[in-house]
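Geometric and topological summary
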Amino acid sequence: MNTDRSDHGTPRVGHVKEVTSLTNPIIKDIRSLAQKKHRDETRSFMAEGLKLVIDALDLGWKIKILVYAKAAKGKPQVEQVAAKTVAKGGLVLEVSEKVLSTITRRDNPQMVVGIFEQRYRALKDVRPEEGETYVALDRVRDPGNLGTIIRTADAAGASGIILVGETTDPFSLETVRATMGSVFAMPVARATAEEFVKWQKTAGVRVVATHLAGSVDYRTIDYKSKPVVLLMGNEQAGLPEELAREAGALARIPQAGRADSLNLAIATGIMLFEARRHLLSLDAGA
């Protein structure tokens with residue numbers, strides 16, 4: 001994303017700029033982040049809300065652009081975030097509410113928006129240790145599901161997410177919204193199915209997969225002896241055979257009633273909290 005130009009091509013990195021026009025080229029660039037192609041090309045994504053921006057900066061994420069509404073000007077936390085953005089060489093835009101609504105595609109937008117550089121962890125660098133839990137998602141399609149899983153994994157104390165195959169974009173606006181900020185706390189790796197199988201054979205992990213053909217009650221599995229990778233299948237098709245046969249255990253969640261399946265995010269949450277039950281206590285987050 002080109003963050004170093006004004007309407008007249010003047011360098012603006014590290015500069016506070018007031019913008020009221022929807023045709024401003026920087027605003028056009030930001031709006032285009034709604035498209036995956038543009039996010040991939042610029043390795044950028046958008047996060048809404050002052051708290052999310054503060055958390056991201058505290059966790060060391062690179063901010064490219066900070067956008068805030070005129071009504072937020074002068075608020076101490078906004079001023080601090082703006083100063084940090086400028087200090088890191090980012091661009092700060094003060095915009096009208098109309099411009100902010102256009103950027104976020106909301107009628108009542110958050111007062112602060114940050115544009116950050118995407119960050120992926122290389123799968124080869126993921127070396128699970130004792131007590132760690134990872135979630136591997138095969139071809140997850142729904143942004144809401146992915147965002148909710150990232151948020152739940154963060155809440156459960158998991159160590160990361162592994163996206164297997166062609167998945168929805170973890171940095172889409174819908175996914176980032178659903179994470180409620182956990183996208184900044186939860187490392188994400190990507191891999192093909194072949195890469196994942198090769199990695200898990202040498203990673204010293206126990207892969208527990210949910211599968212309709214699973215014969216093991218998920219509550220009876222040993223989650224303590226090795227680091228655990230919970231392998232969850234696609235929303236519609238479930239887990240393909242080539243991944244299922246590589247799992248150390250095929251688990252099922254017992255069900256009663258008329259529903260024949262669970263939402264992917266709900267099922268992942270159930271598995272996560274069971275896998276980490278021996279590691280969680282009410283005092284852990286205090």
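Everything quoted here is computed from the prediction, not taken from an experiment. (Residues numbered from 1 in each chain as written. Predicted model: local features only at pLDDT ≥ 70, side-chain atom pairs only at ≥ 80, totals over all residues. Heavy atoms only, no water.)

Once that is clear, we can look at the UniProt feature "domain: RNA 2-O ribose methyltransferase substrate binding" (unreviewed entry) in the protein chain. Per the UniProt record, the feature "domain: RNA 2-O ribose methyltransferase substrate binding" (unreviewed entry) sits at residues 46–122. Taken end to end, residues 46–122 has its terminal C-alpha atoms 22 Å apart, with 38% of it in helix and 27% in strand. (UniProt positions renumbered as here; feature names shortened; annotations may be inferred. Helix = DSSP H or I, 4+ residues; strand = E, 2+ residues; numbered from the N terminus.)

Attention now goes to the nonpolar core. In terms of nonpolar packing, the biggest core is built from 29 residues, with L137, I161, V208, Y223, L230 and M271 touching the most fellow members. For this core, the secondary-structure elements that each account for two or more residues are β6 (133–138), α6 (143–156), β7 (160–164), β11 (228–232), β12 (249–252) and α10 (264–275). If one sorts the elements of this core by residue count, α10 sits on top with six residues. If we ignore the near neighbours within four places in the chain, the residues touching M271 are V208, T210, Y218, Y223, L230, M232, A251 and I253. Grouped together as the second largest cluster of nonpolar side chains are 22 residues, F45, A47, I63 and V78 included. (Core = buried A, V, L, I, M, F, W, Y, C linked by side-chain atoms within 4.5 Å. Buried < 20%, exposed > 50% of the residue type's maximum accessible area, 1.4 Å probe, protein only. Contact = heavy atoms within 4.5 Å.)

Next up on the list: the pairing of strand β3 (residues 63–69). Counted residue by residue, β3 has seven buried out of seven residues, so it is predominantly covered. Examined bridge by bridge, β3 and strand β5 (residues 112–117) share five bridges and lie antiparallel to one another. Considered in β5, the bridge of Y68 is made with V112. Of the strand pairs in this sheet, β3 and strand β4 (residues 91–95) are connected by five bridges, and their pairing is parallel. Residue I65 lies in a different strand from β4, and its bridge partner there is L91. With helix α4 (residues 76–87) bridging β3 and the parallel β4, this β-α-β connection has right-handed handedness. (Pairing = 2+ DSSP bridges. Right-handed = clockwise from strand over helix to strand, strands pointing away.)

Let us now look at the side chain of S44. Of note, S44 is situated in strand β2 (residues 44–48). Side chain to side chain, S44 and K64 meet in a polar contact 2.8 Å long. (Polar contact = N/O pair within 3.5 Å; in protein donor to acceptor, adjacent residues only side chain to side chain.)

To continue, consider the side chain of T210. When you line up the elements, T210 lands in strand β9 (residues 206–210). Classification of T210 by relative accessible area gives buried; the value is 17%.

So, on to α4. Helix length check: α4, at 12 residues, gives a terminal C-alpha distance of 16 Å against a target of 16 Å (1.5 Å per residue), a fit within 8%. Among the residues of α4, V78, V81, A82 and T85 are the ones counted as buried. Across the axial projection of α4, the buried residues extend over an arc of 100°, all falling on one side. In α4, the exposed residues that point more than 90 degrees away from the buried face are P76, Q80 and A87. Against the buried residues of α4 lie α3 (50–58), β3, β4 and β5. A positive phi of about 85° marks G89, the residue just after α4. (Expected span 1.5 Å × (residues − 1). Arc of directions from axis to C-beta.)

Attention now moves to α10. When the terminal C-alpha atoms of α10 are compared, their 16 Å separation across 12 residues agrees well with the 16 Å that a helix rising 1.5 Å per residue should span. Taking burial as the measure, the 12 residues of α10 include nine buried ones, the bulk of the element. Of the positions making up α10, those classed as buried are L264, A265, A267, T268, G269, M271, L272, E274 and A275. At the N-terminal boundary of α10, the capping side chain belongs to N263, with an oxygen 2.8 Å from the backbone nitrogen of A265.

Strand order across the open sheet formed by seven strands is β8-β7-β6-β11-β9-β12-β10, with parallel pairing between neighbours. Edge positions in the sheet fall to β8 (188–191) and β10 (216–217), since each of these pairs with one other strand and no more. Lying on the sheet, α10 is in contact with β6, β9, β11 and β12; it crosses β11 at an angle near 165°. (Axes fitted to C-alpha atoms, helices over the stretch in contact; angles between N-to-C directions.)

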